[in-house]
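Residue-level listing of the chains:
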Amino acid sequence: MIEFIDVTFEYQSSGGSVPALRGVSTTLSPGELVTVLGPNGSGKSTLARLANGLLHPSGGRVIVENIDTGDAEHIWDIRSRVGLVFQNPDNQIVATTVVEDVAFGPENLGIDPPLMRRRVARALESVGLDGLEEREPHTLSGGQKQRLAIAGTLALDPAYLVLDEPTAMLDLQGRSDVLDVLATLRDRGTGIMHITHHLADAAAADRVLVLVAGSIVYDGVPERLLGDEDMLARCGLTVPPIGRLAAELRASGVPVPPDALTAESVVAGL
Amino acid sequence: MTLSLTGVDFTYGAGTAFATRALSDVDITFSPGEVVLVLGATGSGKSTLLRIAAGLLVPDAGSVTLDGRAVRGPLAVVRPGVGIVFQSPEMQLFAESVAADVAFGPRNQGLSEEDAIVEARRALDAVGLDPEEFGPRSPFSLSGGEARRAAIAGVLAMAPGYLMLDEPTAGLDPSGRESVRDIVTAARESAGVVVVTHDAEEFLGHADRVVLLSEGRIIFDGRTEVLVQNPGRFTEAGLRAPEVLRAQMLAQDAGVALPRFALDPTEVASLLAEAWSGPR
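Throughout, a residue's number is its position along its own chain's written sequence, starting from 1. Chain A is the first chain written and ligand 1 is the first ligand written, with later ones labelled in order. Reporting in this predicted model follows two pLDDT cut-offs: at least 70 for local features of residues, and 80 or more for side-chain atom pairs to be given and counted; totals over whole chains, interfaces and linings ignore these cut-offs and use all residues. The basis for every side-chain value is the complete set of non-hydrogen atoms in the structure, without hydrogens or water.

1. Points about the overall build of chain A
- Put simply, DSSP marks the helices as runs of H or I at least four residues long and the strands as runs of E at least two long, and each gets a number from the N terminus on. Broken down by element type, chain A carries 10 helices and 10 strands.
- A globule of 270 residues ought to have a C-alpha radius of gyration of about 18 Å, and chain A, at 19 Å, matches this closely.
- Considered along the principal axes of its C-alpha atoms, chain A spans approximately 60 × 50 × 35 Å.
- Note on areas: Shrake-Rupley, 1.4 Å probe, and residue coverage restricted to the protein chains presented here. In the form shown here, chain A has an accessible surface area of approximately 11,300 Å², with 50% of it arising from carbon and sulfur atoms.
- Taking the average location of the 21 positive side-chain charges in chain A and that of its 36 negative ones, the two points are 1 Å from each other. Taken over C-alpha atoms, the radius of gyration is set against a globule rule of 2.2 Å times the number of residues to the power 0.38. A positive count includes Lys and Arg, and a negative count includes Asp and Glu. His and the chain ends are not counted in either. To locate a charge, take NZ of a lysine, CZ of an arginine, CG of an aspartate or CD of a glutamate.

Right, here's the structure in full:
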């Protein structure tokens, strides 16, 4: 489990210190998909970088499977347990073929070749890129590139995956493919923290965390958040058109569940 | 002032082993007062189209004309020209104050310092940043949404006849996206607006016309309403239709008889609810 215990974080700037997180406590368990929502500047990305010791809290503690991220001796254990994926896949691709790109991480850790090959194959299969091993990464679509970046992290066999707006630069198809991969990984036991601006992404989560100005204002199941318009407004979240359609249909007596935020789930009610 | 691309071809790295065809035989005309949405999957040629229309890239074949006159070289430096807002434009803010940054463009166009300041104030007003409050601030002290708006103001200050934006809302939170959408649609009062994006949902309801690009070719160019009635065209362009349209497509596939498709959730709800209860 990853535990955030009363975590504060302040960025130092020329004008003094700027608080990014103010007393945040939450957890991420194996096999759990947590979606993190919140406006720009609410502290979401800071939370992601604290999860694997890329940043250290100014106050409070971050514990990864009983190891404090402040424990310099074990920082590489922590980094191999918690994989980070960022917004722009182009900045995360290093090699000239898909398979070499995924192998880059485990190769650098000196993992023995037969095990490495198994891990690379499994990582590519998990993200649905098996069969594209010899492709040059720049010929992939945006969604495929982001799944390649995820595979590169998976090849290190992390127990947790933290993704900071992994779909921000993708089209709707690419986004939906990445969301499918996250659900698959969760089902296989990976703990996933998915940071996003898209409220619709929350419908697939086990738990939703909303950050506003560095504090958690909601931590619970998606159904309750998505059904509570006042709460959504307070969190600065807007319901996507499909959610408004679902609400209108419910109001006219069509049985559409409150967390229906995809065309499929809305039409299932009809 | 009509901006036309006729028979435009463009290949990156032409004559090398890495040659990549980006646009093939593109014909398109833009008019003032119109918001045109250019949609296409990654690599469909959207950004290339924008750069050619703004005179930043010269086509291998075909021509770009502004009011019938052939265009050579960047169109931002002339008034009224073609202003282009690139992806993540806030990365390009550089001056010591927001006011100086926004005044840089009109100064470059040859305006006096006084006139440039007037233009900068007008542009900051247009993007909803109070010139008194934001003008003196460092660009680096702005929030993500404010910085994006300041960068758009820098282009508006050059009084472009055409405003072209590449993924203008990417990476912004919902309130930031809404304010950028409002600025972009309001700009049609003074300019022709062209928005390039892969997020069909974001601007579809605000565009007069939509162009679908697929592998460097235009496969649809028509009124937004026409595209809404033919959502299969999204799939042909390798795109997913917006969820609300997809819901109607799925409902129709499942045998729900809809008289027409719509974008507005309230209208869609009544169409679906009527069709759902209708035959029972």
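2. Let's talk about the packing of helix H3 (residues 98–108) of chain A against helix H4 (residues 113–126) of chain A
Residues and elements named next belong to chain A.
- A fitted line through C-alpha atoms serves as each axis, taken over the contacting stretch for helices, and the angle formed by two N-to-C directions is quoted from 0 to 180°. In the contact formed by H3 and H4, the axes pass within 9 Å of each other and the chain directions differ by 125°. Classified by the interaxial angle, the pair formed by H3 and H4 is oblique. Along this stretch, H3 crosses H4, giving a crossing that reads as right-handed. Contacts between H3 and H4 involve Val98, Val99, Val102, Ala103, Pro106 and Glu107 from the former and Met116, Val120, Ala123 and Leu124 from the latter.
- Each residue receives one of three labels: charged for Asp, Glu, Lys and Arg, nonpolar for Ala, Val, Leu, Ile, Met, Phe, Trp, Tyr, Cys and Pro, and polar for the others, Gly being one of them. Split by residue class, the contact of H3 with H4 holds 9 nonpolar, no polar and 1 charged. For this classification, under 35 degrees means roughly parallel, over 145 means roughly antiparallel, 65 to 115 means roughly perpendicular, and everything else is oblique. What makes a crossing left-handed is the near helix being turned counterclockwise from the far one by less than a right angle; a clockwise turn instead makes it right-handed. By definition, residues are in contact when any of their heavy atoms lie within 4.5 Å.

3. Focus: the interface of chain B and chain A
- Listed per partner, the contact involves 29 residues of chain B and 31 residues of chain A.
- By buried area we mean how much accessible surface two parts lose on assembly, using a 1.4 Å probe and totalling the loss over both. In total, chain B and chain A occlude about 2,700 Å² of area from one another, counting both sides; carbon and sulfur atoms represent 64% of this.
- For chain B, the biggest contributors to the area lost against chain A are His198, Arg240 and Trp276 of chain B; these three give 22% of the whole.
- With a closest N to O distance of 2.9 Å, Arg246 of chain B and Glu264 of chain A form a salt bridge.
- Any pair of N or O atoms that falls within 3.5 Å is considered a polar contact. Within protein, one atom must be able to donate a hydrogen and the other to accept it, and sequence-neighbouring residues count only if both atoms are side-chain atoms. Counting across the interface, chain B meets chain A through 6 residue pairs in polar contact (both at pLDDT 80 or more).
- Elements that contribute at least two residues to the side of chain B that touches chain A include exactly helix H6 (174–186), helix H10 (243–253) and helix H11 (265–277) of chain B.
- In terms of residue count, the dominant contributor to the side of chain B that touches chain A is H11 of chain B (7 residues).
- Taken together, the residues of the side of chain B that touches chain A break down into 16 nonpolar, 5 polar and 8 charged. By definition here, a salt bridge exists when the distance from a side-chain nitrogen of Lys or Arg to a carboxyl oxygen of Asp or Glu is within 4 Å.

4. Details of the environment of Ala269 of chain B
- Relative to the helices and strands, Ala269 of chain B is located in helix H11.
- Through-space distance from the C-alpha of Ala269 of chain B to that of Phe140 of chain B is 44 Å; in sequence the pair is 129 residues apart.

5. What about the domain arrangement of chain B?
All names here are of chain B.
- Its domain assignment divides chain B into domain 1 (3–225) and domain 2 (242–280).
- For the domain bounds, the source is a domain assignment made automatically or taken from a database. Distance from the C-alpha centre of domain 1 to the C-alpha centre of domain 2: 35 Å.
- Listed by partner, the interface residues are 4 residues for domain 1 and 5 residues for domain 2.
- Around 320 Å² of area is buried between domain 1 and domain 2 when both sides are counted, 74% of it from carbon and sulfur atoms.
- At the junction of domain 1 and domain 2, the tally comes to 1 residue pair in polar contact (both at pLDDT 80 or more).
- Across the side of domain 1 that touches domain 2, the residue classes tally to 2 nonpolar, 1 polar and 1 charged.

6. A short note on the pairing of strand S10 (residues 217–223) of chain B
- By the bridge criterion, 6 bridges tie strand S9 (residues 209–214) of chain B to S10 of chain B in an arrangement that is antiparallel. The partner of Leu213 of chain B across the bridge, within S10 of chain B, is Ile218 of chain B. At least two DSSP bridges between two strands are required for those strands to pair.

7. Focus: unusual backbone geometry
Residues and elements named next belong to chain A.
- Even without glycine at this site, Glu65 takes up a positive phi of about 45°.
- Classification of Glu65 as partly exposed rests on a relative accessible area of 30%.
- Phi at Ala213 takes a positive value of approximately 50°, unusual for a residue other than glycine.
- Along the chain, the position of Ala213 falls in the loop between strand S9 (207–212) and strand S10 (215–220).
- Note on classification: 1.4 Å probe, protein chains only; a residue is buried when its accessible area is under 20% of the maximum for its type, exposed when over 50%, partly exposed between these limits. A relative accessible area of 46% means that Ala213 is categorised as partly exposed.

8. Things to note about helix H3 (residues 113–126) of chain B
Residues and elements named next belong to chain B.
- Taking 1.5 Å of rise per residue, the 14 residues of H3 would be expected to cover 20 Å, and the 20 Å separating its terminal C-alpha atoms lies within 8% of that figure.
- Three or more residues of H3 are buried, namely Ala116, Glu119, Ala120, Ala123 and Leu124. Down the axis of H3, the smallest arc covering the buried residues is 135°, so these residues share one side. Those residues of H3 that are exposed and aimed more than 90 degrees away from the buried face are Glu114, Val118 and Asp125.
- Those residues of H3 that are buried lie in contact with helix H2 (98–108), helix H4 (131–134) and helix H5 (144–156). Multiply 1.5 Å by the residue count of a helix minus one, and that product is the helix's expected span. Throughout, the arc means the angular range of directions from the helix axis out to the C-beta atoms.

9. Brief notes about the nonpolar core
- Note on terminology: a nonpolar core comprises buried Ala, Val, Leu, Ile, Met, Phe, Trp, Tyr and Cys residues joined through side-chain atoms within 4.5 Å. Of all hydrophobic cores here, the largest spans 86 residues; its most connected members are Leu245 and Leu249 of chain A together with Phe234 of chain B.
- The element contributing the most residues to this core is H5 of chain B, with 7 residues.
- Mapping this core onto the domain boundaries places at least three of its residues in each of domain 1 (3–225) and domain 2 (242–280) of chain B.
- Beyond its immediate chain neighbours, meaning those up to four positions away, Phe234 of chain B contacts Leu39, Ala200, Leu204, Leu212, Leu227, Leu239, Arg240, Ala241, Pro242 and Leu245 of chain B.
- Among the nonpolar cores identified, the runner-up in size contains 28 residues, and Phe10, Val38, Ile52 and Val194 of chain B belong to it.

10. What about the side chain of Ser176 of chain A?
- Of note, Ser176 of chain A is situated in helix H6 (residues 172–187).
- Separated by 3.1 Å, the side chains of Ser176 of chain A and Arg240 of chain B make a polar contact.

11. Describing the sheet that holds strand S5 (residues 69–70) of chain B
Residues and elements named next belong to chain B.
- Here 4 strands make up an open sheet; going across it, the order is S2-S1-S4-S5 and the pairing antiparallel. Taken across any chain shown, the strands that pair with only one partner, and hence form the sheet edges, are strand S2 (20–30) and S5.
- One ladder, built from 5 bridges, connects strand S1 (residues 3–12) with strand S4 (residues 61–66); its direction is antiparallel. When the sheet's bridge partners are listed, Thr6 is paired in S4 with Ser63.

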